[in-house]
Amino acid sequence: MLADNDHREIGRRLDLFHFQEEAAGMVFWHPRGYRTLRALEALIRRHAEADGFAEVRTPQLLRQPIWETSGHWQHFKQNMFVLEDDALAAKPVSCPGHLEILRRRAPSYRDLPLRYSELGLVHRNEPSGTLHGLFRLRQFTQDDGHVFCEEHQLEAEVARFCASLIRLYAALGFEHVEVSFASRPDERAGSEQVWDRAEELLQQAARRAGLTALHVPKGGAFYGPKLEFALPDRLGRRWQCGTIQLDLVLPERFDVQFVAASGERLRPLMLHRATLGSLERFLGIVLEQHDGRLPAWLAPEQVAVVPVESAHHDYAREVESLLRRAGLRSALDLRDETLSRRIALSHEQGIPYVLVVGGREHAARTVSVREGDQQRVMPLTDAVLRVAEACAPPL
Ligand SMILES: [Zn+2]
């Protein structure tokens, strides 16, 4: 028996998604849930574009040699889904795909920094005992991104990422962010001088962005140090979401180069970055945070149109089509239930706005707008504008 505010229970109650044994750790998104996931994807996509990322899409399955080059075959194979007699694996990350794109471009120094993003559907074969609803999945959408730049551009890139990430979190309702700085682990690639420089750069950039980072000695990846961003929720839990990692290894392994001003071919530096990490997990967090009453921009349906009686169905249809054309996710409730019951049902489904239309509203071309306990009658076009404005994404 799940607690009422467990996101798996909320997902069932609101008809958002389900899980079943035959696909452990993977989500069956129902129409209402998928709308919400897509709204979150759209926001993350806009955020990446505003940050200068070009979106790409890379293959779901890649052959073994690529994973050997990236090091995943040696270090991560037990967590990968491997097919066809060990020769092909579902991607657990999108980095190799982005490196392969860059390798074919041999960009000029003028093209740098080059930023690629991908809403990558990744697969990780997590042990079944660790799976936990949307919080820990075997298949999820990772908001992955990579920056390729010269060394003198690195600090500005990291500072820019930190500032933009803090803006994103604030827009999503998380004002408080905990930052940690993970430095060189015992087992690592690259020389001491390179690590000194890399760690200094990341710390400096974090300071420039006004962040105080907690130092986690030896917590870095074997290929480079990282900054990690965790969001505390109102239940006192802490979710590690964003990360930016400097990579001193993969550009070399994948032999990517750019043409310097001198005509020489040089190796770019690489940053891996994610803002929310897993979009599905973030939705799980937000669902629990709001007990299923998602902010209007994220709600599966943003507005319901409820006619008082069947005589008002045509006007209700007209109102609903206007809302749709204004880009709103709307529901038309023509069910054979009492008016108060239908309003209550909309409320239970977490729909933030309800427009009630009856004879008086039809005659005057108005609607009665209900938001929470408040209610007011407005001209139809004003109401559409008002609701569209209130449902606009925060970025
Ligand atoms: Zn990466």
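In this text, all values refer to a predicted model and were calculated from it rather than measured experimentally. (Residues numbered from 1 in each chain as written. Predicted model: local features only at pLDDT ≥ 70, side-chain atom pairs only at ≥ 80, totals over all residues.)

Caption draft 1: A look at the overall build of the protein. For the protein, the helix and strand inventory stands at 13 helices and 20 strands. Seen through its principal axes, the protein has C-alpha atoms that stretch 75 × 45 × 40 Å. For the protein, with 395 residues in total, the buried portion stands at 40%. For the protein, the share of sequence-separated contacts (at least 6 apart) that also reach a separation of at least 24 residues comes to 71%. (Helix = DSSP H or I, 4+ residues; strand = E, 2+ residues; numbered from the N terminus. Buried ≥ 20, exposed ≤ 12 C-beta atoms within 10 Å, placed from the backbone. Contact = placed C-beta atoms within 7 Å.)

Caption draft 2: The arrangement of the domain arrangement of the protein in detail. Partitioning the protein into domains gives domain 1 (7–58 + 94–289) and domain 2 (303–390). Spacing between the C-alpha centres of domain 1 and domain 2 amounts to 40 Å. (Domains from an automatic or database assignment.)

Caption draft 3: The environment of Val56, seen in detail. Positionally, Val56 belongs in the loop between strand 3 (54–55) and strand 4 (61–63). Of the residues examined, Val56 has 16 C-beta atoms within 10 Å and is grouped as partly exposed. Considered as a pair, Val56 and Arg329 are 273 residues apart in the sequence and their alpha carbons are 27 Å apart.

Caption draft 4: Examining the pairing of strand 18 (residues 353–357) more closely. With 5 of its 5 residues buried, strand 18 lies for the most part within the structure. Direction of pairing for strand 16 (residues 303–307) relative to strand 18: parallel, over a ladder of 5 bridges. Paired with Ala304 across the bridge in strand 18 is Val354. Judged from the 4 bridges that link them, strand 18 and strand 19 (residues 366–371) form a sheet pairing that is antiparallel. When the bridges of strand 19 are listed, Val356 appears paired with Ser368. (Pairing = 2+ DSSP bridges.)

Caption draft 5: A look at the sheet that holds strand 8 (residues 139–149). In spatial order, the strands read 3-7-8-15-12-11-9-10; together these 8 strands make up an open sheet with mixed pairing. The open sheet has two free edges, formed respectively by strand 3 and strand 10 (213–216), since each of these has just one partner strand. The sheet contact formed by strand 9 (residues 178–182) and strand 11 (residues 226–232) spans 5 bridges and is antiparallel. Across the sheet, residue Ser180 finds its bridge partner in strand 11, namely Glu228. Sheet strands touched by helix 9 (residues 279–289): strand 8, strand 12 (238–247) and strand 15 (269–278). Its angle to strand 15, the strand with the most contacts, is close to 40°. (Axes fitted to C-alpha atoms, helices over the stretch in contact; angles between N-to-C directions.)

Caption draft 6: Structural context of the sheet that holds strand 5 (residues 82–83). Spatially, 3 strands are ordered 4-6-5 in an open sheet, and the strand pairing comes out antiparallel. Each edge of the sheet is formed by a strand with only one pairing partner; in this case those strands are strand 4 and strand 5. The sheet contact formed by strand 4 and strand 6 (residues 88–90) spans 3 bridges and is antiparallel. Each bridged residue has a counterpart across the sheet, and for Leu61 the counterpart in strand 6 is Ala90.

Caption draft 7: Spotlight on the nonpolar core. Within the largest apolar cluster, 85 residues are counted, with the highest numbers of intra-cluster contacts made by Leu40, Val319 and Leu355. A domain-level breakdown of this core finds at least three residues from each of domain 1 (7–58 + 94–289) and domain 2 (303–390). Excluding its chain neighbours within four sequence positions, the residues that come into contact with Leu355 are Val303, Val305, Val306, Val319, Val367, Ser368, Val369 and Ala383. (Core = buried A, V, L, I, M, F, W, Y, C linked by C-beta atoms within 7 Å.)

Caption draft 8: Molecular detail of helix 5 (residues 95–105). Residues of helix 5 that are buried include every one of Cys95, Pro96, Gly97, His98, Leu99 and Leu102, and no others. Structurally, helix 5 contributes buried residues whose contacts are with strand 4, helix 3 (64–70), strand 7 (114–123), strand 8, helix 8 (250–253) and strand 15. Within two residues after helix 5, Ala106 carries a phi angle of roughly 35°, on the positive side.

Caption draft 9: Representation of unusual backbone geometry. Put simply, Leu112 and Pro113 share a cis peptide bond, and its omega is -5°. One non-glycine residue, Ala106, lies in the positive phi region at around 35°. Even without being a glycine, Asp291 presents a positive backbone phi close to 50°. Of note, Asp291 is situated in the loop between helix 9 and strand 16.

Caption draft 10: Just the pairing of strand 8, in detail. Burial analysis of strand 8 places 10 of its 11 residues in the buried class, the great majority of the element. Looking at chain direction, strand 7 and strand 8 are connected through 10 bridges and run antiparallel. If you follow Gly120 over to strand 8, its bridge partner there is Gln142. Two strands pair when backbone bridges link them, and strand 8 and strand 15 are joined in this way by 7 bridges, in the antiparallel orientation. The partner of Gly145 across the bridge, within strand 15, is Arg273.

Caption draft 11: Structural view of the environment of Leu121. Along the polypeptide, Leu121 turns up in strand 7. With 14 C-beta atoms counted inside 10 Å, the residue Leu121 sits in the partly exposed group. Once the C-alpha coordinates of Leu121 and Thr58 are considered, the two residues, 63 residues apart in sequence, prove to be 9.8 Å apart. Residue contacts for Leu121: discarding those within four places in its chain leaves Gln60, Gln139 and Thr141.

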